[in-house]
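Here is how the chains run, residue by residue.
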Amino acid sequence: MKNKPEEAVIAAQIETTGCIVTRDGQPCKLVNVSGSHRGGVLIPGTPIITFLKPRDAQRAIDRTTRVRESIRTSLVSEWMKTQMPSFLEGTAFAIAPIGRQV
């Protein structure tokens, strides 16, 4: 039986510094389409918004979902479909950690 030489294991330490939100695999930016002074909604694009905590990212996802549902059932839904089709399309939001190598 042959002995394999041992390989050196090089591992980088990664420190999590925040998180981003992706929708259908694309990173999201934050846009104020609702006219509200609090927060905004997530749509795919750049510049990518980063959140310090996953809780804050989840709040942005919840806010986006609420605004999308309220707009879909309102009279402005047809206007929104022509002006911002990427806002009403897509469904799968995900929170992804970001970090830096230390």
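Our subject is the structure that appears above.
Residues numbered from 1 in each chain as written. Predicted model: local features only at pLDDT ≥ 70, side-chain atom pairs only at ≥ 80, totals over all residues. Heavy atoms only, no water.

*Asks:* Provide a residue-level description of the pattern of salt bridges, including the pertinent values.
*Replies:* Between side chains of opposite charge, pairing is possible as soon as their charged atoms come close. This model, assessed by the stated rule, comprises two salt bridges. A salt bridge links E15 to R100; the shortest N-O distance between them is 3.0 Å. Pair noted here: E15 is in strand 1 (residues 14-23) and R100 is in strand 5 (residues 93-101), with a separation of 85 residues, a long-range link. For D56, the salt bridge identified is with R55, shortest N-O distance 3.4 Å. (Salt bridge = Lys/Arg side-chain N within 4 Å of Asp/Glu carboxyl O. Helix = DSSP H or I, 4+ residues; strand = E, 2+ residues; numbered from the N terminus.)

*Asks:* Give me the lowdown on the environment of V33, citing residues and values where you can.
*Replies:* Turning to its location among the elements, V33 is positioned in the loop between strand 2 (26-31) and strand 3 (41-44). Accessibility expressed as a relative area gives 22% for V33, which makes it partly exposed. On a C-alpha basis, the gap between V33 and M84 in space is 9.2 Å, while along the polypeptide they are 51 residues apart. Those residues within four positions of V33 in sequence are excluded, and the remaining contacts are V41, M84 and F87. (Buried < 20%, exposed > 50% of the residue type's maximum accessible area, 1.4 Å probe, protein only. Contact = heavy atoms within 4.5 Å.)

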